[in-house]
Amino acid sequence: MKRLSIDLGAWVTKIYMPGCGVVLTEATCIAVEKYQDHGETQLLVKAFGDKARALSGRAAVNTHILNPVFEGDIIYENLAAELLAYFLEKIEIPRKKARRTEAVFILPCGVSDEIKQKYRRVAEDCGLGAVYFTFTPFAAVLGHNVAISESTPMFSLDIGHSLTNVAVISQDGIISGLSVNLGGGNIDVHLIDELADNYNLKIGALTAEKLKNTVGSLLDDDNKINVVEGRDVKSGAPASIAVNSSQIYKVITTYVDKIIEYVNLVLNKLPPEVASGVMHGGVYLSGGLIKLDGLAEYLEKKLNIPVNVPEEPQLTSVIGGGAVISGDELLERLTVE
């Protein structure tokens, strides 16, 4: 019997296998070609995962790049099932072996029963055996290689591509928490608009993400620089400009400060004893945006709470999910139907 932890994210899917570690990190993306068959629109899958993402901005007119997961919800069930089956094949779990595989899916706080049913149907379409669900804050804290206390509250902040999960938890469940549609993807979209409006340069989503990851910084004295290529807004001709950290600082802080507002909403609802425990233990950070230079220090200063930063923040939740699926006690305590 194989066991898996699956984080089917809006931007990247991660799969963890106990005993093997993280066995897959690939774009949650499908390239499809639309065509007409007897008057009905049909979809032909042309590429999955990273190969599909690489076609973004370069595909033919009738080829569309789709993300079947958005803000924790599966919006294209059939395509999500095809994509997950492709990922399982890549880690040597074809359909004939999938029935002997148990999987825990990591879901945002407060996800509805309807959305859970979508994940179940996708898992069934892939032939997976037993399926469990755990919430991001539990998986994220466990991914720090710490135990979730029965009595001491623990504070989790996970900032992903399209969702941020904020929660104070214990083994008994979520004491206070929420999931909001804010994340690194919002920054990417704003960067596209920023360069078009103020620098007359049109760029795509992949270029915006690269700019954020290479130049983006919340360190006061940081001044990294990178040459960004795109098209001139007016002429459409190829063009490029040099962008430094200070030029996109405000774009990044706009969304980070919004996330901090939601964090404070959760913290302000805590009973005094719980708030005291959170202040002592600090906040456990996770999610891809945490890699941004200076972000952890910025959060610590703004929240006035110690921060705990993992080595690989983008993988923390899926690693924690591996801890959940590996132990019978955690599987019973920290999963939901």
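Above this text is the structure in question.
If you're wondering where the values come from, they're calculated on a predicted model, not measured in any experiment.

Asker: Please clarify how the sheet that holds strand β1 (residues 2-8) should be interpreted in this entry.
Answerer: As a general point, the strands of a sheet are linked pairwise by backbone hydrogen bonds and lie either parallel or antiparallel. The strand order across the open sheet formed by five strands is β3-β2-β1-β9-β10, and the pairing between neighbours is mixed. Whereas interior strands pair on both sides, the edge strands pair on one side only; in this sheet they are β3 (21-27) and β10 (131-135). Strand after strand, the sheet turns through a mean of 20 degrees between neighbouring axes, direction not considered. Looking at chain direction, strand β2 (residues 12-17) and β3 are connected through six bridges and run antiparallel. Bridge pairing in β3 places Val 12 opposite Ala 27. Sitting on the sheet, helix α11 (residues 316-326) touches β1, β2, β3, β9 (101-107) and β10, and the angle it makes with β1 is about 145 degrees.

Asker: For this particular structure, what's the right way to read the pairing of strand β13 (residues 173-180)?
Answerer: As paired strands, strand β12 (residues 164-170) and β13 are joined by seven bridges and run antiparallel to one another. Residue Val 168 lies in a different strand from β13, and its bridge partner there is Ser 176. Taking the residues that link successive antiparallel strands as the turn, the β12-β13 hairpin has two residues.

Asker: Even after reading the chapter, I still don't get the nonpolar core, so can you show me in this structure?
Answerer: Looking at soluble globular proteins, one finds that nonpolar side chains tend to be buried together. Residues Leu 4, Phe 105 and Tyr 119 are the most contacted members of the largest nonpolar core, which totals 48 residues. With seven residues, helix α2 (residues 77-90) is the single largest residue contributor to this core. In contact with Leu 4, other than residues within four places in its own chain, are Ile 15, Tyr 16, Met 17, Leu 88, Ile 91, Ile 93, Thr 101, Glu 102, Ala 103, Val 104 and Ile 325. Ranked by size, the runner-up nonpolar core spans 44 residues in total, among them Leu 182, Ile 248, Val 274 and Val 278.

Asker: For this particular structure, what's the right way to read the environment of Arg 53?
Answerer: Positionally, Arg 53 belongs in helix α1 (residues 49-53). Remark: the alpha-carbon pair of Arg 53 and Phe 133, spanning 80 residues in sequence, is separated by 27 Å. Apart from residues no more than four positions distant in its own chain, Arg 53 is found in contact with Trp 11, Ala 27, Thr 28, Cys 29, Asn 67 and Leu 206.

Asker: Any chance you could explain the packing of aromatic side chains here in plain terms?
Answerer: A ring pair, where both rings are aromatic, is described by two values, the distance of the centres and the angle of the planes. In total, this model carries five aromatic pairs according to the counting rule given. Centroid distance Tyr 86 to Phe 87: 5.8 Å. Interplanar angle 55 degrees. Geometry classified as tilted. By relative accessible area, which is 22% here, Tyr 86 ends up partly exposed. We classify Phe 87 as buried; its relative accessible area is 0%. A centroid spacing of 6.3 Å and a plane angle of 45 degrees characterise the contact between Phe 105 and Phe 133, whose relative ring orientation is tilted. Linking Phe 105 in strand β9 with Phe 133 in strand β10, this pair joins segments that are 28 residues apart in sequence. One exposure class covers both Phe 105 and Phe 133, and it is buried.

Asker: Would you explain the sheet that holds strand β16 (residues 238-244) in this entry?
Answerer: With respect to topology, three strands assemble into an open sheet ordered β14-β15-β16, the strand pairing being antiparallel. Two strands bound the open sheet, and with one partner strand each, they are β14 (201-202) and β16. Pairing geometry for strand β15 (residues 225-232) and β16, over seven bridges, is antiparallel. Bridged to Val 228 within β16 is Ile 241.

Asker: Would you mind going over helix α7 (residues 205-215) with me for this structure?
Answerer: The α-helix winds at 3.6 residues per turn, so residues separated by three or four positions along the chain end up facing the same way. Regarding α7, the residues found buried are Ala 208, Glu 209, Leu 211, Lys 212 and Val 215. All buried residues of α7 lie within an arc of 165 degrees about the axis, which places them on one face of the element. Turning to α7, the residues buried within the fold contact α6 (184-199), β15, β16 and α8 (245-268).

Asker: What am I meant to see in the packing of α6 against α7 here?
Answerer: When two helices pack together, their arrangement is given by the angle between the helix axes and the distance between those axes. The N-to-C vectors of α6 and α7 enclose an angle of 105 degrees; their axes lie 9 Å apart at closest approach. With respect to α7, the element α6 is oriented roughly perpendicular. Between α6, through Gly 184, Ile 187, Asp 188, Leu 191, Ile 192 and Leu 195, and α7, the contact on the second element is made entirely by Ala 205, Ala 208, Glu 209, Leu 211 and Lys 212. Looking at side-chain class alone, the contact of α6 with α7 contains seven nonpolar, one polar and three charged residues.

Asker: What's the story with the environment of Ile 290 in this structure? I'm lost.
Answerer: Relative to the assigned elements, Ile 290 resides in the loop between β17 (283-286) and α10 (295-303). Residues Ile 290 and Lys 258, 32 residues apart in the sequence, show an inter-C-alpha distance of 15 Å. Ile 290 has contacts with Ile 159, Leu 285, Leu 295, Leu 299, Val 309 and Pro 313, leaving out every residue within four places of it along the chain.

Cut-off values and rules
Residues numbered from 1 in each chain as written. Predicted model: local features only at pLDDT ≥ 70, side-chain atom pairs only at ≥ 80, totals over all residues. Heavy atoms only, no water. Pairing = 2+ DSSP bridges. Helix = DSSP H or I, 4+ residues; strand = E, 2+ residues; numbered from the N terminus. Axes fitted to C-alpha atoms, helices over the stretch in contact; angles between N-to-C directions. Contact = heavy atoms within 4.5 Å. Core = buried A, V, L, I, M, F, W, Y, C linked by side-chain atoms within 4.5 Å. Buried < 20%, exposed > 50% of the residue type's maximum accessible area, 1.4 Å probe, protein only. Phe/Tyr/Trp six-rings, centres within 6.5 Å; stacked < 30°, edge-to-face > 60°. Arc of directions from axis to C-beta. Parallel < 35°, antiparallel > 145°, perpendicular 65-115°, else oblique. Nonpolar A, V, L, I, M, F, W, Y, C, P; charged D, E, K, R; others polar.

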